[in-house]
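An overview of the molecular structure
Now for the letters of each chain:
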Amino acid sequence: MKKVKNITFAAISAAMLFTGCIKEADPYSVATEEQVTLETLIQGIPASLVQAGSTGYGSQGAAWDFALPAIHLATESMSGDLVVSGNVGYDWFSQWGTNDALGADYAVGALTWDNYYSWIMAANNVIKHIGDTDVNSLPAKEKSFLGFAYTYRAMFYLDLVRLYEFKENKYTSAPDVLGLGVPIVLPETTEVMAKNNPRAKVEDIYNKVIFPDLEKAADLLASYTPDNKYALSSAVVYGLQARAWLERATVTDSAEEYAKAAECARQAITASGCTPLTQAEWEDPANGFNNANANNSWIWGLALPSESTSNLLCFTAHMSTENAWSAYGNDACRAINRNLFNSIQNNDFRKHSWLDPERKNPEAQSYSYKSCRPEGMVYLNKLPDYANIKFRPAQGNFNESKVGGAADHPMMRVEEMYFIEAEAKAHANLSEGVRLLNEFMNNYRMIDGGKYDCSNMATTIETFTNELILQKRIEFWGEGIIMFDLKRLNVSTKRGYVGTNAAGSYRLNADGRAPYWNFVITNGEAQNNPIIDTQNNPDPSQSIKPWNG
């Protein structure tokens, strides 16, 4: 396995797309107006979130190097719900999937650490560029740009603290770092300060950065109306607040914080005007989970323009089983864990996202799968059982990587807010949480007269939460959301059992929270910020051995 480069924290290589050009960026310097306009600064952030080769390892052949969609695929690979049922030699995310070589020395750590701090730098540059001006005196455009910057920065820190906070588990121990998150870098942080920048307390990151940034963003974007689903909005801010409050409430068990999570989730639903995906939208062979404008569900999505698409360094190349240009997608075939598939009701249309083993039996077949490939079922029958067809090539174009690979990436769907609201409200009134989950499932996911009722299986807050998370795992499979919930709630995972469809080295069973959900900070950071060397999370690699029957 390739080890990380010696990267100084003061000169993290940030691949920002400024007017089509890639430039090096320093997290402690702000671009001058002569170098780049405020508008290109803010537009560069979403472009960098989908950039192929964002850490520099892509040019060395690392096909996991494509920014945020790759991070989502990495966390999905760690969740236990995603299995590789084809040729594992094509799986560029095997380190995350097999809990191998995840320590500080290895290149894969750059995917999260280097990217997030580069993106934080970009947000800091926008905030510093505008300065301490009275926001009420700002022109509308600058006001919205500042709101975007605070929203992005809050999201980046929220993701970082959820990835890197060491949470107790049965496999690794690190009592000295309990309650610590990541170093805080703000516009005023100098290079000298960064060389002695310890991990901040998790509580401080929430109270001094995440929540204040989101409050500022809510004020700044209150009167802003986005032109499209790719722009940030008040609804996105509310959604991030809902995620953050739910995370904190799980730790504090605070009724007030659960109430805030529910309130923010409802505000996101209302402000967005979005509605859950219909069966037709979900199963669309041309636009399924690749087009923000083909549905009314996505609150926010990232666009990947065709001119920026790499045939192998993009989400579709790895996750789509229907594309014809990449063996990563169909030969390394990403599928759903068989046990999770079997937990889905037959009258739940989401089950159609994965290939039922009975599909080849005309007498037992209950559903005619749709494919963007002209061979239809002839092609799909060649794929392994349980293979996913959730993520379609853009425009249904399975032949041309520049077209089919240029898929929008979902960042926030309104369905997530329904789940957050139900979970949060259940802590104040269990029957209300049950009612909300039942309503969502029956109104939006059941077909052919199917009926969902979790009342008997959700008689306590624990059993209800388990059922809700089960449905959430099905709903957001592959979208980079669920690992955060599993880590938050100390959920066990199982890919090793009789009849599993997971390859041998992926058959990991974690009793409670998996140790590899506590990400390790790279040596590149520790070399230039030495205090991190005394505050790092333990290397989880191989702390759980594959089940072998």
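Residues numbered from 1 in each chain as written. Predicted model: local features only at pLDDT ≥ 70, side-chain atom pairs only at ≥ 80, totals over all residues. Heavy atoms only, no water.

The next subject is the overall build of the chain. In terms of regular secondary structure, the chain is built from 20 helices and eight strands. Here the chain has a C-alpha radius of gyration of 22 Å; the compact-globule value for 549 residues is 24 Å, and the two agree. Taken along its principal axes, the extent of the C-alpha atoms in the chain is 70 × 50 × 45 Å. For the chain, long-range pairs separated by at least 24 residues make up 72% of all intrachain contacts whose partners lie at least 6 apart in sequence. For the chain, the exposed area adds up to about 20100 Å²; of that, 48% sits on carbon and sulfur atoms. Separation between the mean location of the 47 positive side-chain charges and that of the 63 negative ones in the chain comes to 4 Å. (Helix = DSSP H or I, 4+ residues; strand = E, 2+ residues; numbered from the N terminus. Rg over C-alpha atoms; globule rule 2.2 N^0.38 Å. Contact = heavy atoms within 4.5 Å. Areas by Shrake-Rupley, 256 points an atom, 1.4 Å probe, with all protein chains shown as cover. Lys, Arg positive; Asp, Glu negative; His and termini not counted. Charge placed at Lys NZ, Arg CZ, Asp CG, Glu CD.)

Residue position: Arg162 is located in helix H5 (residues 140–164). On the basis of relative accessibility, which here comes to 10%, the residue Arg162 falls in the buried class. Polar side-chain contacts of Arg162 include one of 2.9 Å to the side chain of Asp159. If sequence neighbours within four positions are ignored, Arg162 has contacts with Tyr206, Glu247, Phe484 and Lys487. (Buried < 20%, exposed > 50% of the residue type's maximum accessible area, 1.4 Å probe, protein only. Polar contact = N/O pair within 3.5 Å; in protein donor to acceptor, adjacent residues only side chain to side chain.)

Right, let's get into the pairing of strand E6 (residues 409–413). Counting buried positions over the five residues of E6 gives five, a clear majority of the element. Two elements, strand E4 (residues 298–302) and E6, share four bridges in a ladder whose sense is antiparallel. Among the inter-strand pairings, Gly301 is bridged to a residue of E6, identified as Pro410. (Pairing = 2+ DSSP bridges.)

Turning next to the layout of surface pockets. Taking a probe equal in size to a water molecule and rolling it over the atoms shows the remaining empty space. By volume, the second largest pocket is sized at about 310 Å³. Taken together, 14 residues line the second largest pocket, and the ones lying closest to its centre are Ile127, Gly131, Asp132, Tyr150 and Lys216. Going through the elements one at a time, helix H4 (109–130), H5 and helix H7 (202–220) are the ones with two or more residues in the lining of the second largest pocket. In terms of residues, the lining of the second largest pocket owes the most to one element, H5, which gives three residues. (1 Å grid on protein atoms, 1.4 Å probe; cavity = no way out; pocket = protein on both sides within 12 Å on 5 of 7 lines; lining within 4 Å. Points joined across faces, edges and corners; volume = space filled by probe spheres on them.)

Before going further, it helps to spend a moment on the pattern of salt bridges. Pairs can form between side chains of opposite charge once their charged atoms are near each other. Taken as a whole and judged by the stated rule, the model has 27 salt bridges. For Asp91, the salt bridge is made with Arg334, and the minimal N-O distance between the two is 2.4 Å. Placement of Asp91 in the loop between strand E3 (82–84) and helix H3 (94–98) and of Arg334 in strand E5 (residues 334–336) is noted, with a sequence separation of 243 residues between them. Of the two residues, Asp91 and Arg334, neither departs from the other in class, the shared state being buried. Note that Asp385 and Arg359 form a salt bridge whose closest N and O atoms lie 2.7 Å from each other. (Salt bridge = Lys/Arg side-chain N within 4 Å of Asp/Glu carboxyl O.)

Attention now moves to the nonpolar core. Grouped together as the largest cluster of nonpolar side chains are 157 residues, with contacts concentrated most on Trp96 and Tyr157. By residue number, the principal contributor to this core is H5, which donates 15 residues. If near-sequence neighbours (up to four positions away) are discounted, Trp96 is found in contact with Trp64, Ala74, Ser77, Met78, Leu102, Val108, Leu111 and Phe519. (Core = buried A, V, L, I, M, F, W, Y, C linked by side-chain atoms within 4.5 Å.)

Turning our eyes to something else, we now look at the state of the cysteines. Should the sulfur atoms of two cysteines be covalently bonded, the bond is a disulfide. Throughout the structure, instances matching the rule amount to zero disulfides. Between Cys372, a cysteine without a disulfide, and Cys333, which holds the nearest cysteine sulfur, the sulfur-to-sulfur distance is 14 Å. (Disulfide = S-S within 2.5 Å.)

Take the environment of Phe211 next. Relative to the helices and strands, Phe211 is located in helix H7. Of the residues examined, Phe211 reaches a relative accessible area of 7% and is grouped as buried. With sequence-adjacent residues up to four places away left out, Phe211 is seen in contact with Tyr206, Ala244, Trp245 and Arg248.

Let's shift gears to the packing of aromatic side chains. Overall, the coordinates contain 31 aromatic pairs when judged by the stated rule. Ring centres of Phe66 and Phe93 lie 5.9 Å apart, and the angle between their planes is 75°; this geometry places the pair in the edge-to-face category. You can see Phe66 sitting in the loop between helix H1 (38–49) and helix H2 (67–77) and its partner Phe93 sitting in the loop between E3 and H3, a full 27 residues away along the chain. Assigned by exposure class, Phe66 and Phe93 land together as buried. (Phe/Tyr/Trp six-rings, centres within 6.5 Å; stacked < 30°, edge-to-face > 60°.)

All chains considered together, the criterion is met by eight cavities of 30 Å³ or more. Space inside the largest cavity adds up to approximately 210 Å³. In terms of lining residues, the largest cavity is bounded by 18 residues, among which Arg162, Arg243, Glu416, Ile481 and Phe484 are the most central. Those elements giving two or more residues to the lining of the largest cavity turn out to be H5, helix H8 (234–252), E6, helix H16 (414–426) and helix H19 (482–489). Residue composition of the lining of the largest cavity, by class: seven nonpolar, two polar and nine charged. Counted as a void, the second largest cavity has a volume near 160 Å³. (Nonpolar A, V, L, I, M, F, W, Y, C, P; charged D, E, K, R; others polar.)

Okay, the packing of H7 against H8 next. Interaxial distance between H7 and H8 falls to 10 Å at its minimum, and their mutual angle equals 160°. Relative to H8, the element H7 is oriented roughly antiparallel. The two elements H7 and H8 cross, and the hand of that crossing is left-handed. Side by side, H7 and H8 meet where Val202, Glu203, Tyr206, Ile210, Phe211, Leu214, Glu215, Ala217 and Ala218 of the first sit next to Val237, Leu240, Gln241, Ala244, Trp245, Glu247 and Arg248 of the second. A class-by-class count of the residues in the contact of H7 with H8 yields 11 nonpolar, one polar and four charged. (Axes fitted to C-alpha atoms, helices over the stretch in contact; angles between N-to-C directions. Parallel < 35°, antiparallel > 145°, perpendicular 65-115°, else oblique. Left-handed = near helix turned anticlockwise from the far one by under 90°.)

What follows deals with the confidence of the model for the chain. On average, residues of the chain score 93 in pLDDT, and 93% of them are at 70 or above. In this model residues 1–35 is a low-confidence stretch, pLDDT under 50, and it forms 103 contacts with partners more than four residues away in sequence or in other chains. (pLDDT = per-residue confidence, 0-100.)

Before going further, it helps to examine the packing of helix H18 (residues 461–475) against H19. Interaxial distance between H18 and H19 falls to 10 Å at its minimum, and their mutual angle equals 160°. When the interaxial angle is binned, H18 and H19 end up roughly antiparallel. When you trace H18 past H19, the crossing you get is left-handed. For the pair formed by H18 and H19, the contact residues are Thr465, Ile469, Lys472 and Arg473 on the first element and Ile482, Asp485, Leu486, Arg488 and Leu489 on the second. The residue makeup of the contact of H18 with H19, split by class, is four nonpolar, one polar and four charged.

Time to look at unusual backbone geometry. Glycine aside, residues mostly have negative phi angles, and peptide bonds mostly take the trans form. With phi around 55°, Ala101 is a residue other than glycine that occupies positive phi space. Residue position: Ala101 is located in the loop between H3 and H4. Residue Ala101 is classed as buried on the basis of its relative accessible area of 8%. Its identity as a non-glycine residue notwithstanding, Asp253 has a phi of 55°, on the positive side. Its place among the elements puts Asp253 in the loop between H8 and helix H9 (255–272).

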